[in-house]
Amino acid sequence: LELLADAGRGPQVAALWPIDVGQTPAAPEAPSFVQPTGGGENALADAVVSWVNALRGRYGRAPYSRDARLDQAAAARVKTLATENGLTHIDAAGRDIGDQLKTLGVAALSWGENLARGREMGALVIGLAESPAHRQNLLSADFTHMGAAFAATSDGGRTLVQVFARLAPTGKVRARPVRRIPGELWASIHGRRLEAGLKAASVNRSLGTRAERAMRNHLQGGTLDLVRLREDVEREAARDPNGRVRLAAVLQAEDLAEIAAFSGFVRPAWTLIGLALAKKTDGGYVALVLLGEGEDRDFTKTE
């Protein structure tokens, strides 16, 4: 049982109790953590990233890619935490890790952060895997990249910051439009919302038409410039005359399950979905997602 408390600067783990229900507890699922003997804080951060990917491998998750900009964001956060009491996800100026990523010019579609402090590194790292809230970030199917940083504490321990993100895709790809969104993708998106205890989302005709038109316009000649596509749909969303669009995102994914894992689909208030797909010639998909909120007056049923 994990108890979270929020004192105005983001939810924190206040207490964690193991509960055994009618059986002997299973052996720890997390791999052991081997602390490097040299190399300082950078080597320790490298070891943490390797450990996270080993944990993900046990659950059939793809490894996170290391990103230097996320390392930089983690280093900035750990430096801030060194001047504050406790571990908080929102600093004294009211900024969270998402604000830090924006400051660094990182285009992230979703992000997360784990914080930990302790003296014994093995217990500190494995403790994150035993905490449901932190474990969710470690095993997320949405995030694709991570960074990590350590800093020594005055009592001889260390503070650890892990930063996770799904980065906006860049570059150009060859692709062709998908004329009809597969029913299995809609089923996966709606299933995730129901599992999270949220109301079902509506496949919104007007948002879908806008997404399809933008994808079609950028696919002329069979090539997609992913940065231009993202920038254009973000500008259009900002000019939305009805004020219903809350997020415009371009995703690049190996399969439909990776698209459905996007965390934007399980935001409680974002119940209107517009979606367009393109199939890459070398495999995988590009998805253009528009998410909105409000009453759906042009609901489209899907098969």
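Here we summarise the structure given alongside this text.

So, how was this worked out
- Residues numbered from 1 in each chain as written.
- Predicted model: local features only at pLDDT ≥ 70, side-chain atom pairs only at ≥ 80, totals over all residues.
- Heavy atoms only, no water.
- 1 Å grid on protein atoms, 1.4 Å probe; cavity = no way out; pocket = protein on both sides within 12 Å on 5 of 7 lines; lining within 4 Å.
- Points joined across faces, edges and corners; volume = space filled by probe spheres on them.
- Helix = DSSP H or I, 4+ residues; strand = E, 2+ residues; numbered from the N terminus.
- Nonpolar A, V, L, I, M, F, W, Y, C, P; charged D, E, K, R; others polar.
- Buried < 20%, exposed > 50% of the residue type's maximum accessible area, 1.4 Å probe, protein only.
- Pairing = 2+ DSSP bridges.
- Contact = heavy atoms within 4.5 Å.
- Axes fitted to C-alpha atoms, helices over the stretch in contact; angles between N-to-C directions.
- Salt bridge = Lys/Arg side-chain N within 4 Å of Asp/Glu carboxyl O.
- Phe/Tyr/Trp six-rings, centres within 6.5 Å; stacked < 30°, edge-to-face > 60°.
- Lys NZ or Arg CZ within 6 Å of the ring centre and 35° of its normal.

Turning to empty space enclosed by the protein, a few remarks are in order. Inspection of every chain in the model, using the stated rule, returns one cavity of 30 Å³ or more. Put simply, the largest cavity is a space of about 40 Å³. Forming the boundary of the largest cavity are Arg210, Ala214, Val233, Glu236, Leu288 and Leu290. Going through the elements one at a time, helix H7 (205-218), helix H8 (226-238) and strand S12 (285-292) are the ones with two or more residues in the lining of the largest cavity. Classifying every residue of the lining of the largest cavity gives four nonpolar, no polar and two charged.

If a strand is regular, its side chains alternate between the two faces of the sheet. Most of strand S5 (residues 145-152) is tucked away, with seven of its eight residues classed as buried. Two elements, strand S3 (residues 65-66) and S5, share two bridges in a ladder whose sense is parallel. Each residue of the ladder has a partner; that of Arg66, found in S5, is Met146. Examined bridge by bridge, S5 and strand S6 (residues 158-167) share eight bridges and lie antiparallel to one another. Bridge assignment links His145 to a residue of S6, and that residue is Ala165. Taken together, S5 and the strand that follows it, S6, pair antiparallel across an intervening segment of five residues, in which Gly156 is found at a positive phi of about 90 degrees.

Spatially, the four strands line up as an open sheet ordered S3-S5-S6-S4, and their pairing is mixed. The sheet is open, and its two borders are formed by S3 and strand S4 (108-118), each paired with just one other strand. As defined by bridge partners, S4 adjoins S6 across 10 bridges and the pair is classed as antiparallel. Residue pairing across strands places Ala116 opposite Leu160, the latter belonging to S6. Relative to S5, helix H1 (residues 40-58) is tilted by about 140 degrees, and along the sheet it contacts S3, S5 and S6.

Another point: the pattern of salt bridges. It is possible for side chains bearing opposite charge to pair when their charged atoms get close. Here the structure, examined in full by the defined rule, presents 11 salt bridges. Among the ionic pairs, Arg69 bridges to Asp67, the shortest N-O distance being 3.2 Å. Given the relative accessible area of 36%, Arg69 is considered partly exposed. Salt bridges linked by common partners bring Asp46, Arg66 and Asp71 together as one network.

If you walk through the whole model with that rule in mind, you get three aromatic pairs. Arranged with centres 5.5 Å apart and planes meeting at 50 degrees, the rings of Tyr64 and Phe164 form a pair that is tilted. In this pair, Tyr64 is assigned in the loop between H1 and S3 and Phe164 in strand S6, connecting sequence segments 100 residues apart. For the pair formed by Tyr64 and Phe164, the shared burial category is buried. Ring pairs connect the aromatic residues Tyr64, Phe143 and Phe164, which therefore count as one cluster. Sitting over the face of the ring of Tyr64, Arg56 holds its NZ or CZ atom 3.8 Å from the ring centroid.

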